[in-house]
Amino acid sequence: MKLPEFEYEAPATVAEAVGLLAEHQDEASVLAGGQSLVPLLALRLARPAVLVDINGLDELSGVSEADGRVTIGALTREYQAEESAAIARAVPLLAAALPLIGHEAIRSRGTIGGSLAHGDPAAELPAVAVALDAEFVVRSQSGERVIPAAEWFEGYLSTARRPDELLVEVRFPAAPAGTGAAFEEVARRHGDFAMVGLAASLTLADGAISDARLAFSGVADAPVRAAEAEELLVGQEPSAELFAEAARLATAGLDPPADLHGSSQYRKQVAATLVRRGLSAAAGNSHERH
Amino acid sequence: MTTQIPAPRYTGTSVKRSEDPRILTGAGRYVDDIKLPGMLHAAFVRSPLAHGRLLAVDTAAARELPGVVAVFTGAELDAMTVPGPDPLMAFVGLGAMMPAYGLLAADKVRFVGDPVALVIADSRARAEDGCELVEVDYADLPPVASAAAALDPGSTPVFDDLGGNVIVAPRRSELGDVAGAFAAADLVLDCHLDVHRHQNVPMEGRAIVVSPDPGTGILTVYAATQSVQITRAGIAQRLALDPAKVRVLAGDIGGSFGLKSGATREEQAVAAAAYSLGRPVKWTEDRSEHLTASGQAREESFDVRAAASKDGDLLGLDVSMVIDTGAYQVAGLIVPPTIQMMLPGPYKLPALGFESTAVTTNKASYISYRGPWASETFVRERVLDLLAKELGLDPLEFRLRNVAPRTSPPYTMLTGRPLIGVTTRESLERLAALVDLPAFRARQAAERARGRYLGVGVATFIEAAPGPRMPGGMPGPLATETTRLRLAEDGTLTLFTGQMPHGQGHQTTLAQIAADEFGVPFEQVRVVVGDSDVVPAALTGGSRAATMAGGVTLHGARQLKVKVLDFAARLMEASASDLEITDGSVMVRGDPDSAVPVAEVAAAAATAAAADADADLEVTATFDGGESGWSGGSHCAIVEVDVETGIVKVERYLAVEDCGELINPAIVEGQIRGGVAQGIGAVLLERSAYDQDGNFQSATFMDYLLPTACEIPRIEIEHLQTVLLDADVNFRGVGEGGLIVSPPTVVNAIEDALAPFGVRIYEQHLPPARVLELIAAGGASGPALA
Amino acid sequence: MADITLTVNGATRTGSAEVRKTLADFLRDDLDLTGTHVGCEHGVCGACTVILDGRPVRSCLMLAVQAAGHEVTTVEGLAPEGTLGPLQQALQDSHGFQCGFCTPGFLMQATALLDTHPEAGEQEVREALSGNICRCSGYQSIIDGVLLAAERANGSRAKG
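Once a new chain begins, its residue numbering starts again from 1 and follows that chain's sequence as written. Here the convention is simple: chains get letters from A, ligands get numbers from 1, in the order in which they are written. Per-residue local features of the predicted model are confined to residues with pLDDT of at least 70, and side-chain atom pairs are confined, for both listing and counting, to 80 or more; whole-chain, interface and lining totals are unaffected and use all residues.

(A) Examining the interface of chain C and chain B more closely. Placing a C-beta atom from the backbone of each residue, one calls two residues in contact when those atoms lie within 7 Å. At the junction of the two partners, chain C supplies 42 residues and chain B supplies 44 residues. Per the convention used, a helix needs a DSSP run of H or I reaching at least four residues, while a strand needs a run of E reaching at least two, with both numbered from the N terminus. It is helix 2 (residues 86–93) of chain C that contributes the most residues to the side of chain C that touches chain B, four residues altogether. Note on residue categories: nonpolar means Ala, Val, Leu, Ile, Met, Phe, Trp, Tyr, Cys or Pro, charged means Asp, Glu, Lys or Arg, and polar means any other residue, Gly included. By residue class, the composition of the side of chain C that touches chain B is 18 nonpolar, 16 polar and eight charged.

(B) Broad picture of the domain arrangement of chain C. Residues and elements named next belong to chain C. Each domain's extent is set by a domain assignment, obtained either automatically or from a database. When its domains are assigned, chain C resolves into domain 1 (2–77) and domain 2 (86–159). With centres defined by C-alpha atoms, the gap from domain 1 to domain 2 works out at 22 Å. The interface is formed by 14 residues belonging to domain 1 together with 12 residues belonging to domain 2. Where the side of domain 1 that touches domain 2 is concerned, the elements lending two or more residues are strand 3 (49–52) and strand 4 (55–58). Ranked by residue count, the leading element in the side of domain 1 that touches domain 2 is strand 3, at three residues.

(C) Seen up close, the interface of chain A and chain C. Of the residues lining the interface, 23 residues belong to chain A; the matching set on chain C comes to 20 residues. When residues of the side of chain A that touches chain C are traced back to their parent elements, those giving at least two are helix 2 (37–42) and helix 6 (104–109) of chain A. At five residues, helix 6 of chain A tops the list of elements feeding residues into the side of chain A that touches chain C.

(D) Expanded view of the domain arrangement of chain B. Residues and elements named next belong to chain B. Entries for chain B in the domain assignment read domain 1 (20–27 + 480–623), domain 2 (34–141 + 200–293) and domain 3 (384–470 + 629–785). Here the C-alpha centre of domain 3 lies 38 Å away from the C-alpha centre of domain 2. Taken together, the contact between domain 2 and domain 3 spans 10 residues of the former and 10 residues of the latter. Taken together, the residues of the side of domain 2 that touches domain 3 sort by class into five nonpolar, four polar and one charged.

(E) Seen up close, the packing of helix 12 (residues 375–391) of chain B against helix 13 (residues 395–402) of chain B. All names here are of chain B. Here an angle of 0 to 180 degrees is reported between the N-to-C directions of two axes, which are lines fitted to C-alpha atoms, with helices fitted over the stretch in contact. For the pair helix 12 and helix 13, interaxial distance at closest approach is 9 Å and the crossing angle is 110°. On the basis of their axis angle, the class for helix 12 and helix 13 is roughly perpendicular. Where helix 12 crosses over helix 13, the handedness of that crossing is right-handed. Residues Leu 384, Asp 385, Leu 387 and Ala 388 of helix 12 touch helix 13, and the partners they reach there are Pro 395, Phe 398 and Arg 399. Among the residues forming the contact of helix 12 with helix 13, the class breakdown is five nonpolar, no polar and two charged. Note that the term roughly parallel is reserved for angles under 35 degrees, roughly antiparallel for angles over 145, roughly perpendicular for angles of 65 to 115, and oblique for everything else. In this scheme the handedness of a crossing depends on how the near helix is turned from the far one: anticlockwise by less than a right angle means left-handed, clockwise means right-handed.

Following this line, the structure appears as structure tokens:
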């Protein structure tokens, strides 16, 4: 499983990087953490003519918070995001999801931007981004675009990023006071891609749900936002019956893929369980937030 | 002369392994670590089809790629080599049963991954590039992707000249009065049990470096193998070389569990290529090749009828099995007879009907995997639980009722072997005490009321490790074990064994025995393995090393000591019967001042040896197993099943085991734990999956799932006081038992956990989705009863 | 081809390799550090784990060129040649390993764990090691060895 040949470029600036992407377009792959791309290269399922290694672009690394938003540079390593006090405080759903990503060695190199630009529907971060209406900032030689999460994930391993664009940062809204979050998943083993996952966030005000976010991983070729279930929840007081109803609504329209690890029926059934458990956990976490 | 043996100092203690310093510092030497000047690298073009005719293989473009040195097709390799069977099977005398097959596919491809061409280049990466340039024309043939498909007389033959895909037709045999047993039964259970395909997966795959020396004509093979002699014989036969001109060296090996003979098709193809090119060639199998093509195991299905009395006596079993041996025959055909032999286990079983069918399919070869016959324990221990439940009896009590008593003369299994020294009853009773089943049942009930589903499962097994003497003896080379012991000039007790360790720590355990018997410190013993020029022929496998290699080491060390003391007697002007070797010195018994270090004696002997044959301090010893016996044990698992997700967690696992006298307890426990982990993996995670077109679906570690530290609990082990059978050698093998008995243990526990849902389980692989299906089917999944 | 200079086990090392070569293969082939093993080449088994700039990484998922200018520690760097460091000694004492193929990866992952979590308890050790596959041991002996190393280190910390 040796990698196929490719040309290798290691730009020193973002300008250089987007210049390379403009030149090579879809013949180029961007190498960030490599935790998803390198296995594809090893299996020779990916055959880019040019590999653009962006690990030298230090300016794309870092977490900052301002104006009710947390901005994460695309090259921020997953372990750095785990250690970020700003994320822990202001984006609890992301903080809940990060430790579930693979294993520590994966998170040493894997990046926030890389995972989101790769767009594996079974991964945790895409579901979190969709649940929170994150914004994706891409840059090209023509300038910058800001793409909302609802439009970012187009299909299996396919995003709205054009071949000449580089994802430079992702912006998450800071959670309001009274928000509790949970990421529930069912995986065959600790650290595996989940068969089904759920990003859940609830904001409580005076005992009632003022905001609800639910998005699934692993149930389609992109994350699925459970908008109807969210609407049901808003304005209600948390209860097991409410959460069970939300679970029914959230999963009624699902037609998950089948694979070696689970049938479509299995994933749908488990998705409902995750909604009940995820909402319960999120509600339980919300009292911690001020 | 009475032999006064001083109390063992090393045997029975967890002596630290002499292998560890190099393994822990990264100084181990595995085949892929080997670099030779001018060494080339190999990669294989493999069939993407499960079944097809090979119309054309065009290697021109590949040959032209800079860095590619040679490309060989199946036809070309056939012309360079001599046909023959799998060398492991040939070693145990079963070579003639196999249809011979070529090293690479030449006329047909018969499974996804079947090697079609061999590319040799200056790097593995370049060889893989070359593989992509080989153009192969296939004509699809209908795939035979399951046993059911193979049993259909209309299925396309996988081997044209066999006419059909049933390669061993069913022939029924009966022992005892089978019809009478079932007629007299109060309860007849009738069910179908499936054991799924899964595989060895050592962390190191297959690997070989073959280095020809055109000057001397010696072909040196650096192999990952369980027997350097088998590798040598296989390669020599295939290349039509004098075996004396083939030297096989094995260093550190990254696990095997039955996989590695060092002479599979690909390895022999690499040897042929290297020999032809006159240059060293390395092939290291990558993980994708390993999972797809190195071989798989355990795909067997069983129609079982079981007869019992209402009081709980097991009256008879009638088993009809089908084994899916894959395409190219390796080890599949030895399994059914062993299953038949072992089905009764340690129980009183008065009647056994048995029939087996072997089919060939478009899948990778069925190979040996740690206890290849283990399905007999799964079938038996599953059926015992099912019977117990129908009779309303506790599964443990039901087993105790049916365990054969330890009598003299011993109770003989219906299938021929006597149950000498079997401690099944003791192991079950001890297990019950350790688990405290009444307390568990109370906890189980309380947790069920809270919506949590815990279960307990028990299973027991015996293993011929190597088992009692058989009338007529064991097949050929396995009947005895030979070792050579030599006192080297510097006083090192050097032991040459054909055992080829691949994690079992033989270099430590055999040294412990030799040190004790001979009388030198452990550090003064050197165990030489892995050189076909100097070690005797042997096979590492069948859990035979403890008895056979341990025993021959014990007796050989004694024989060498006699020789050494005879020489020392002349040197020290004493009577040999007054001498002993203690702590590395020869001394007159009771007179420490007389002590002469063994090294001095050895040096003197080396000087004298040219003139004096008795001064050549070496013996070759052979051992036939003595009064060898069974290993066995009883295991218990406590599991929790999340009935909303189907995830099973093994909360607690216990093993009460009897492997005779322990040479090194830590090593024994490591073997048990490793085997149990593989069994938990088999039930919950591992499956070598093919779809209905024969496409292989488990070709990476993202699909073939191995258990990690989070899936395997602490495994509590208790060692039973064994029954001594032999005057000297009571070590028995333990390598395979953990994997033999753990799958039914876990499955029994899962069924117990799901009892409130009326679940009955007839299969060994229970991934989360399947668990939820079983719960949904609930009481509808019961067996047919009469 | 690329010239690659990096620090390995405290020493400056240089090699020349194709850009497509992984760090794992570069360490093994070009720097003759064969202690790091290759078990799957797709980042699951952990046998190739090394420490890069203080963090455990899967060297099969990095290109060698990416490691240029960085600091790598491999199993060969855990103790002076011919000796066992405290973690290695503890794993010998606990009979941690059998065939040894997974061992270097476990040692590096455990080293990284104990460097940052010296007080790690059993569950934490299990989770930290769950990205390393062992086929021989059933893991218990490895976990016990890591806990033993931690206990001994804490003992000397308490004394010293």
